[in-house]
Structure formats: structure tokens, C-alpha cells
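Fold and geometry: a report
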Amino acid sequence: MPRGQKSTLRAREKCQRTWGQIQGHQGAQMTATQKKKVSFSSPLILEATIQKKSAGRSGSVLKKPQRALSTTTSVDAYHKKSYKGANSKIEKKQSCSQGLSSTVRSRTDPLTIKTNMLVQFLMEMYKMKKPIMKADMLKIVQKRHENHFPEILKKASFNMEVVFGVDLKKVDSTKDSYVLVSKMDLPNNGTVTRGRGFPKTGLLLNLLGVIFMKGNCATEEKIWEFLNKMRIYDGKKHFIFGEPRKLITQDLVKLKYLEYRQVPNSDPARYEFLWGPRAHAETSKMKVLEFWAKVNQTVPSAFQFWYEEALRDEEERVQAAATFNDGSSAMGRKCSKVKASSSSHA
């Protein structure tokens, strides 16, 4: 067997031994409440199991997950009138979402199983920084499910995007090769710290979304309330994101993706989170809102209040860029005149 095929096979066997099922729930439980709140499914909705198998059973499929992560996050309504448009769209989608939910719940569904297997394979290729070939993905799907490959690939790429914050992009149509690209420039291929971990970009986008929707400043209590609903707890190591407190109050702060500061005049001391300078540089309110909207199977404008704020932010960014470019052009012309003057005197 050629070396490349052996490497791919080893990666596939390894991820099958360490991973059970990774399953994107696709925002099936987003509903509008009657208590002046709007419930949004968190973009990071995952059911996953880590299982150690013996070599003799490495090819078996896990049917009963032992550890799951799922969440539905409720965000307070700042402006009651702003949600009328969002509520109507959310309610229209609820019946569709319920049907989707029942489909996802069937862990023995062949297409769901193949989707999970493909996610495992994609994650291994991403961590090894290797190109992803369609031929290798078809081997994962197997011949009898080949007709469903487009659907399986679509679901797998969606799960990769909302859980890990990476996009699957085709780089060579002639060779049918793909590459996974992180939505942000977190170090070590998104894992933040060196080692074998998993990309933290999906979690970061969640946090940025909460901060944005809480008025661009979220108290630590609200952040942990959000994370707890995702079954991520303070002081408890998470099987994907590691030690969460260190990640959000130290690692992402040092990297300047988050700002973590004491609430002014708080006694006893309380803390809050804001976007850091790198978050402002690498993404925008509109991109974060698009991320949330996509997972919730709607459009950014469904979140009317935040959509309007995101539009204003986009306009300000365009104006700032235009001002910078004008300034740079003026400086360039001034330098050219000085050089021309110096040359004539010489």
C-alpha cells in the first residue's frame, strides 16, 4: 500500500478509536418565550463521545454516547419591539426544527453515522495539516452510501464550522481536493496551546456573540451562565476545550481576543468580558451575527436590534478604512513632492 494511503488509513483508525459520535444538532430548539425573552440556540451544539476501544473492536460504531454536550441559550431582550420580526421567523421555523430534531436523535441512522465518521476524519486531517481528497472521503462514506455523499459532506462541513469554527473549502476542482480554514487566526491551528487539542475558534465565536448581544460587555456571571448551559463548568476540565477558566480568562486574554476586567466600583470585585483588539481586527459584529444566524437556520436580519447595530458597525469600518486610505494617499503625494524638490535643487 502506498505511503499516503497508509497515513490516511492510520488517521482514520486512530480517530475511530478515540472518537465516538460528533453530531451537530443544528439549532433545533430555538423558540420565542412569552416572558420578554427570546431563546436562541447556541451555535455550539454538540453531542460527542470519547471512547477507548480495543483493537479488535476499532471498527464498531458506538450507539450510546456516554458524554454529551448540548445547549440552548437564552438571551435577555433589551428592546422588546425589536424582536417582533425575529419572533415570527423563529416560530415559523419551529415546526421544521422539530422534524430535524427527531431525525438527529436517531443515532443509528446510517447517514448520521457516516456524517460523524467523516467529521472525525476531517478533524484528523486538519490537525495534521494535510489536504483532504474527495477520494479519501468517499472511502469513509463507503460505496453503498456514495449517492448520499453531497448530503453527508454538507452536514459534516456544517458541524465542523459550528463546533470548531473551521470552514471546508475546495482548493482544486480538477483533483477534488479540499482544505479546512479557521474563521480566525488562533495560534497552533486553532488549538491555542501546543499539543493535540481541538480548535477553540467555535467557542471563541460563541463568547464574542454573547458579549455583543449583552451590549458589547458581558459580566462574568452571564458568561458562565451561558457556558454552563453548554455543559462547560468552571473548574471542570472539558473534553474538547480543556480547562475553561484558564482558556477564557488567561489564554484568550493574553492573545488579545478577549478583554477581562474588573467592573468599576464593584465591591466585592466582579469582572466582565469585552472584545479584545484582535477580535475587532479579525472579525466583525456582522460576521459573528451571521455565524449565529446560520446555526439557527435563519438570517441575520431576524435579530433586528443586533442586525441594525452590526450594519452601523460595518459602515463605520468602511468610513475608517476610507479615511486611512485618503491619509495614506496624501502622505504619499507629499513625500513625492519633497523628493522632486530635493532632486531639482541637487
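Provided above is the structure to which this section pertains.
A brief report on the enclosed structure follows. No experiment lies behind these values; they were computed from the predicted model shown.

**Details of unusual backbone geometry**
A cis amide bond links Asp267 to the next residue, Pro268, at an omega of 5°. Within the fold, Pro268 resides in the loop between β9 (258-262) and β10 (271-275). Look at Arg231: it is not a glycine, yet its phi comes out positive at around 65°. Within the element layout of this structure, Arg231 appears in the loop between α7 (220-229) and α8 (244-254). A relative accessible area of 41% means that Arg231 is categorised as partly exposed.

**Quick notes on the packing of aromatic side chains**
With the rule as written, the count across this model stands at 5 aromatic pairs. Linked through ring pairs, Tyr260, Tyr271 and Phe273 together constitute an aromatic cluster.

**Structural notes on the pairing of strand β7 (residues 177-182)**
Note: strand β5 (residues 132-133) against β7, 2 bridges, orientation antiparallel. In the sheet register, Met133 faces β7, and the bridge partner there is Ser177. Pairing of strand β6 (residues 166-172) with β7 involves 6 bridges; the strand directions are antiparallel. Pairing of Asp167 across the sheet is with Val181, part of β7. What sits between the antiparallel neighbours β6 and β7 is a turn of 4 residues, in which Asp176 has the positive phi angle 55°.

**Let's talk about α8**
Taken residue by residue, α8 has Pro244, Leu247, Ile248, Thr249, Asp251 and Leu252 as its buried positions. Of the surrounding secondary structure, the elements contacted by the buried residues of α8 are α6 (201-213), α7, β9 and β10. For α8, the N-terminal cap is Glu243; the gap from its side-chain oxygen to the backbone nitrogen of Arg245 is 3.3 Å.

So, how was this worked out
- Residues numbered from 1 in each chain as written.
- Predicted model: local features only at pLDDT ≥ 70, side-chain atom pairs only at ≥ 80, totals over all residues.
- Heavy atoms only, no water.
- Helix = DSSP H or I, 4+ residues; strand = E, 2+ residues; numbered from the N terminus.
- Buried < 20%, exposed > 50% of the residue type's maximum accessible area, 1.4 Å probe, protein only.
- Phe/Tyr/Trp six-rings, centres within 6.5 Å; stacked < 30°, edge-to-face > 60°.
- Pairing = 2+ DSSP bridges.
- Contact = heavy atoms within 4.5 Å.
- Polar contact = N/O pair within 3.5 Å; in protein donor to acceptor, adjacent residues only side chain to side chain.

All quantities given are derived from atomic positions and should not be read as evidence of function.
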